[in-house]
Amino acid sequence: MLMKGKKGLIVGVANNKSIAYGIAKACASQGAKLAFTYLNEALQKRVEPIAAEFNSRAVYELDVNNEEHLNALAGKIEKDFGKLDFVVHAVAYAPKEALEGAFINTTKEAFNIALGTSAYSLVALTRAVLPILNDNASVLTLSYLGGIKYVPHYNVMGVAKAALESSVRYLARDLGVRGIRVNAISAGPIKTLAASGIGDFRMILKYNEINAPLKKNVSTDEVGNSAMYLLSDLASGVSGEIHYVDAGYNIMGMGDVCEDEKGKTILCWDKEK
Ligand code: NAD
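Residues numbered from 1 in each chain as written. Predicted model: local features only at pLDDT ≥ 70, side-chain atom pairs only at ≥ 80, totals over all residues. Heavy atoms only, no water.

Engineer: Just give me the short version of the overall build of the protein chain, but keep the residues and values in it.
Structural biologist: Secondary structure summary: the protein chain contains eight helices and nine strands in total. C-alpha extents for the protein chain along the principal axes are approximately 70 × 45 × 40 Å. Per-residue burial for the protein chain yields a buried fraction of 52% across its 273 residues. For the protein chain, the proportion of contacts with a sequence separation of at least 24, taken over those separated by at least 6, is 73%. Split by element, the accessible area of the protein chain, about 13,500 Å² in all, is 53% carbon and sulfur. Taking the average place of the 30 positive charges on the side chains of the protein chain and the average place of its 29 negative ones, the gap between the two points comes to 3 Å. (Helix = DSSP H or I, 4+ residues; strand = E, 2+ residues; numbered from the N terminus. Buried < 20%, exposed > 50% of the residue type's maximum accessible area, 1.4 Å probe, protein only. Contact = heavy atoms within 4.5 Å. Areas by Shrake-Rupley, 256 points an atom, 1.4 Å probe, with all protein chains shown as cover. Lys, Arg positive; Asp, Glu negative; His and termini not counted. Charge placed at Lys NZ, Arg CZ, Asp CG, Glu CD.)

Engineer: Quick one: what's the story with the packing of aromatic side chains, residue by residue and with numbers?
Structural biologist: Applying the stated criterion to the full structure yields five aromatic pairs. When the ring of Tyr21 is compared with that of Phe54, the centres are 5.6 Å apart and the planes differ by 55 degrees; the resulting orientation is tilted. Pair noted here: Tyr21 is in helix H1 (residues 19-29) and Phe54 is in the loop between helix H2 (41-53) and strand S3 (59-61), with a separation of 33 residues, a long-range link. When its relative accessible area of 12% is taken as the criterion, Tyr21 is described as buried. Between Phe36 and Phe54, the aromatic rings sit 5.9 Å apart at their centres with planes inclined by 20 degrees, giving stacked as the arrangement. Of this pair, Phe36 sits in strand S2 (residues 33-38) while Phe54 is found in the loop between H2 and S3, placing the two residues 18 residues apart along the sequence. Residue class for Phe36 comes out buried when judged on its relative accessible area of 0%. (Phe/Tyr/Trp six-rings, centres within 6.5 Å; stacked < 30°, edge-to-face > 60°.)

Such coordinate-based values are descriptive only and should not be taken to indicate function.
Structure representation (structure tokens):
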């Protein structure tokens with residue numbers, strides 16, 4: 001039991017399709033005790049039964065943009081759950097109109113909302129729980145390839161993920177003196193609530209499946225297992241890292257090639273889409 005005796009806070013469960021759910025499942029299966037947050041009352045009804053699935057009654061309201069929620073969080077968790085050995089930040093949001101059309105038309109408001117909720121929130125959350133983080137704790141966030149490369153429709157979320165990945169490195173340095181590690185998983189596309197806001201997402205899924213070395217898309221269980229490793233002591237020498245869990249898609253320099261019926265080389269996308 002790799003996570004026996006460890007307590008963790010999971011931020012970002014919306015339902016059982018959430019990546020955060022996959023991470024919670026993997027950590028609980030290795031003996032971790034879990035606390036959860038929910039964004040608002042509508043999601044409270046979904047998150048509480050999920051927490052119960054993991055034998056947890058430690059469930060707290062947290063809008064990462066709400067200073068009062070952030071200020072109250074550590075006190076509440078310490079009182080009824082105890083100190084933390086790990087934190088999962090699986091939060092992102094951008095206004096829908098910013099994920100359509102050309103990036104150049106991104107408004108300042110949409111830019112600030114996306115960057116604030118999806119990148120700054122990691123800094124704010126980590127600082128908020130720092131007083132109750134045990135030495136050698138592990139903090140993990142979720143990124144996407146769109147933070148380092150152009151991906152259609154990802155637009156301002158790509159810029160937010162770039163800021164998030166950079167924040168991982170700066171936080172890793174700051175917290176390293178206490179042995180606290182900060183890492184990100186850059187996950188391949190997965191059909192979740194957040195992903196449903198991204199245009200042509202089905203096409204993105206198909207394109208990844210056809211072109212990834214492993215010829216598949218990843219599941220929340222696969223991301224969960226890799227996350228569990230980064231949250232566990234197995235990764236005690238790993239910090240500031242962006243770890244890809246994407247069936248290898250990120251290594252491809254161009255679309256993969258296949259042979260047609262006549263043995264001619266063509267793009268697998270043209271053959272299989
Ligand atoms: P999801 O919709 O299940 O989770 C997103 C979560 O963010 C939800 O629980 C939502 O309540 C929360 N959230 C949004 N605004 C918030 C706020 N102001 N305060 C607190 N919580 C807030 O979708 P997901 O795909 O599991 O997303 C989790 C993370 O994984 C995100 O950072 C996302 O960008 C990242 N990611 C997703 C994919 C994918 O294809 N699904 C790929 C790579 C990375």
